[in-house]
Amino acid sequence: MLSDTMVSDAAHSVISMVALWDINEAAGESAAESLKKQYGAGKTLFLKCDVESEEQIKAAFQKTKETFGGIDILCNNAGILNETKWEKTVSINLVSVIRGTYIALEHMNKLSGGKGGVIINTASMA
C-alpha cells in the first residue's frame, strides 16, 4: 500500500481521484477515510484486494473504472519480505506486479478504448 504521504501528495497535486487496493482492510479504510476528509467524498475508493488473485485484481480494476470512468495511473506498490515463505514473496513482489501491469494495459490501451496512462512499479526491502 502507498504511504499516506505519497497518496496525499499525489491526490493534492495532479490526481483528482484515487483508488486504494489492499488486503489489509483496516489500513486501507483508514487511508481512504483520511483522504476523503482532506479532499472530499467521491474522490477516494478503497477496495479490499489480494494481489495474488487475478480475479480480485480484475474486479478491482473494473470497479475502479466504473467508479471513476477509467484508469490513468497504476502504482504497483504491494510487497512483503518473508524468507520462510519465499514462494509467497515471489508471488506478491514479482508475479502480482507483472499481472497488475498487464491488466492495467488492457484498461489503458488506446486501441481498446483507454486513454493511455502511466504505470509505476516500486520495490523496497524495508
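The structure this text deals with has already been given above.
Since we're looking at a predicted model, the values are computed, not measured.

Each value, and the rule that gives it
- Residues numbered from 1 in each chain as written.
- Predicted model: local features only at pLDDT ≥ 70, side-chain atom pairs only at ≥ 80, totals over all residues.
- Heavy atoms only, no water.
- Helix = DSSP H or I, 4+ residues; strand = E, 2+ residues; numbered from the N terminus.
- Buried < 20%, exposed > 50% of the residue type's maximum accessible area, 1.4 Å probe, protein only.
- Contact = heavy atoms within 4.5 Å.
- Expected span 1.5 Å × (residues − 1).
- Arc of directions from axis to C-beta.
- Phe/Tyr/Trp six-rings, centres within 6.5 Å; stacked < 30°, edge-to-face > 60°.
- Patch = residues over 30% accessible without salt bridge, like charges linked within 9 Å, V, L, I, M, F, W, Y side chains within 5 Å.
- Areas by Shrake-Rupley, 256 points an atom, 1.4 Å probe, with all protein chains shown as cover.
- Salt bridge = Lys/Arg side-chain N within 4 Å of Asp/Glu carboxyl O.

The next thing to look at is the overall build of the protein chain. Tallying secondary structure elements over the protein chain gives four helices and four strands in all. Helices and strands in the protein chain line up, N terminus first, as α-β-α-β-α-β-α-β. Residues counted as buried form 31% of the 126 residues belonging to the protein chain. For the protein chain, restricting intrachain contacts to residue pairs at least 6 apart in sequence, the fraction spanning at least 24 positions comes to 61%.

Residues separated by three or four positions in an α-helix point in the same direction, a consequence of the helix having 3.6 residues per turn. Between its terminal C-alpha atoms helix α3 (residues 54-68) stretches 21 Å, which fits the 21 Å expected from 15 residues at 1.5 Å a residue. Those residues of α3 lying buried are I57, A60, F61, T64 and F68. End-on view of α3: buried residues confined to an arc of 100°, all on one side of the axis. Away from its buried face by more than 90 degrees, α3 exposes E55 and E66. On the buried face of α3, the contacting elements are β1 (18-22), β2 (44-48), β3 (73-76) and α4 (86-108). One or two positions beyond α3, positive phi appears at G69, with a value near 90°.

The next thing to look at is the packing of aromatic side chains. Taken as a whole and assessed by the stated rule, the structure comprises one aromatic pair. Summarising the aromatic geometry, the rings of W21 and F61 are spaced 4.7 Å apart at their centres and angled 80° between planes, so their arrangement reads as edge-to-face. With W21 in strand β1 and F61 in helix α3, this residue pair connects regions lying 40 residues apart in the sequence.

Moving on: the side chain of S91. When you line up the elements, S91 lands in helix α4. Setting aside its immediate chain neighbours within four residues, S91 contacts E52 and S96.

A separate point is a nonpolar patch on the surface. A contiguous nonpolar patch, built from W86, V90, L94, V95, I98, Y102 and L105 and spanning about 680 Å² of accessible area, is present on the exposed surface. Structurally, W86 can be placed in helix α4. The class for W86 is exposed, based on a relative accessible area of 53%.

A few words on the side chain of T101. Checked against the element boundaries, T101 lands in helix α4. With a relative accessible area of 17%, T101 lands in the buried category. In this structure T101 touches L74, N76, I119 and N121, once residues within four positions along its chain are discounted.

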